[in-house]
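# Fold and geometry: a report
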Amino acid sequence: GFSSVSVQAILRRAHLQDTYASGLEKLEKTKCDLQAILRHVEHPTTCFDLIQERSLTLRVVLFMGGFAQLKDRWTQLVYDIVFNLVFWICGALCTLNLYYREAPYHLLPTDFLTAYVHVPAWQSWVVWRRFVKSSSCTELLARVQSSPEGQANLNVALRVGGWLVLILQCVMIVDGLLAFSVPGTLHVINGEAELHSFTALHSIVMWIITPPLFAVMMMCYVMFGFIALLHLLDIL
């Protein structure tokens, strides 16, 4: 009867192709190809694992910049909380200084932008941490590592880049301390501000939170460059 006639038979009689079935076949083939690539890679398949294994200096840079992936989840939680607090404590102090106008205050527009920049900087840190751990980034890394030439170029870039980033990170930290910590401290030392003043509080806290904050901001640029490098190696 009519119910026993399959859709496939009707399509064959009409000399038509079942595009749905062929699409499923292509999807399955693509899935198998991707799994083969992932199986072929005998090295770490996440960017964090790769960086930490191939470059000791980049491992230090990641830790300083709030991008470290720790094995113990409670230690990781404390680590993440600390870096979140760094952003918001620094941002709150810079915002309060719009009212107090103590050293290192300059001009209202400049200091307003200094306070505001903590918001996009924090967002950048959160977004890059999430993206580098994403499946799309892992697939990109797997494609690069599937080529011996890509692996070799990536290893050289990580070794050389690790030292360059560490030097830049240290320079940025020193620059931040000179700009935001030293002026208030000099005011207190020279007797221009009381020990219990906002200037003293601001400068003391900035000595503590400037190094991790500037290290994080530097690492966000580094992560952008690292992903750009992976894309470049992928198309070469």
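### What to know about the packing of helix H4 (residues 56-64) against helix H9 (residues 148-180)
Contact pair H4 / H9: the axes reach a minimum separation of 8 Å and the direction vectors enclose 40°. Both H4 and H9 take part in a crossing whose hand is left-handed. Each of Thr57, Leu58, Val60, Val61 and Met64 in H4 lies in contact with H9, whose residues at this interface are Leu158, Gly162, Trp163, Val165, Leu166, Gln169 and Ile173. Counted by class, the contact of H4 with H9 contains nine nonpolar, three polar and no charged residues.

### Details of the nonpolar core
The biggest cluster of nonpolar side chains holds 44 residues, and the ones touching the most others in it are Phe67, Leu154, Met219, Met223, Phe226 and Leu230. At the level of secondary structure, the elements contributing two or more residues to this core comprise helix H3 (47-54), H4, helix H5 (73-100), helix H7 (118-132), helix H8 (135-145), H9 and helix H11 (198-235). Ranked by residues supplied to this core, first place goes to H11 with 15 residues. Residue contacts for Met223: discarding those within four places in its chain leaves Phe48, Ile51, Leu62, Phe67, Trp128 and Val132.

### Thoughts on the side chain of Gln169
Examined against the element boundaries, Gln169 turns out to sit in helix H9. From its side chain, Gln169 meets the backbone oxygen of Ala215 in a polar contact 3.2 Å long. Residues contacting Gln169, with those up to four places away along its chain left out, are Val61, Met64, Gly65, Ala215, Met218 and Met219.

### A word on the layout of surface pockets
Its volume calculated, the largest pocket comes out at about 200 Å³. Lining of the largest pocket is provided by 14 residues; of these, Ala157, Gly161, Val165, Val222 and Phe226 occupy positions nearest its centre. Where the lining of the largest pocket is concerned, the elements lending two or more residues are H4, H9 and H11. Of all the elements, H11 adds the most residues to the lining of the largest pocket, at six residues. Split by residue class, the lining of the largest pocket holds 12 nonpolar, two polar and no charged.

Reading guide: rules and limits
- One numbering rule holds for all chains: residues counted from 1, following each sequence as written.
- Under the rules for a predicted model, residues below a pLDDT of 70 receive no local features and side-chain atom pairs below 80 are neither given nor counted, while totals for whole chains, interfaces and linings still include all residues.
- As a rule here, side-chain values cover all heavy atoms of the structure and leave hydrogens and water aside.
- Between N-to-C directions, angles span 0 to 180 degrees; the directions come from axes that are lines fitted to C-alpha atoms, helices contributing only their stretch in contact.
- Numbering of helices and strands runs from the N terminus; a helix is a DSSP stretch of H or I covering at least four residues, while a strand is a stretch of E covering at least two.
- Here is the rule for handedness: rotate from the far helix to the near one, and if that takes an anticlockwise turn smaller than a right angle the crossing is left-handed, while a clockwise turn gives right-handed.
- Whether two residues touch is decided by their heavy atoms; if any such pair falls within 4.5 Å, the residues are in contact.
- Asp, Glu, Lys and Arg are counted as charged, while Ala, Val, Leu, Ile, Met, Phe, Trp, Tyr, Cys and Pro are counted as nonpolar; the rest, among them Gly, fall into the polar class.
- As used in this record, nonpolar core signifies buried Ala, Val, Leu, Ile, Met, Phe, Trp, Tyr and Cys residues forming a set joined through side-chain atoms within 4.5 Å.
- Relative accessibility under 20% of the residue-type maximum defines a buried residue, over 50% an exposed one, and the middle range a partly exposed one, all with a 1.4 Å probe and only protein chains included.
- Pairs of N or O atoms within 3.5 Å make up the polar contacts considered here, provided that, within protein, one atom can donate a hydrogen while the other can accept it, and that residues adjacent in sequence are counted only when both atoms are side-chain atoms.
- Cavity: a set of points on a 1 Å grid over the protein atoms alone where a 1.4 Å probe fits but cannot get out. Pocket: an open set with protein on both sides within 12 Å along at least five of seven lines, its lining residues, like those of a cavity, having an atom within 4 Å of a point.
- Grid points are joined across faces, edges and corners, and a volume is the space filled by probe spheres set on the points.

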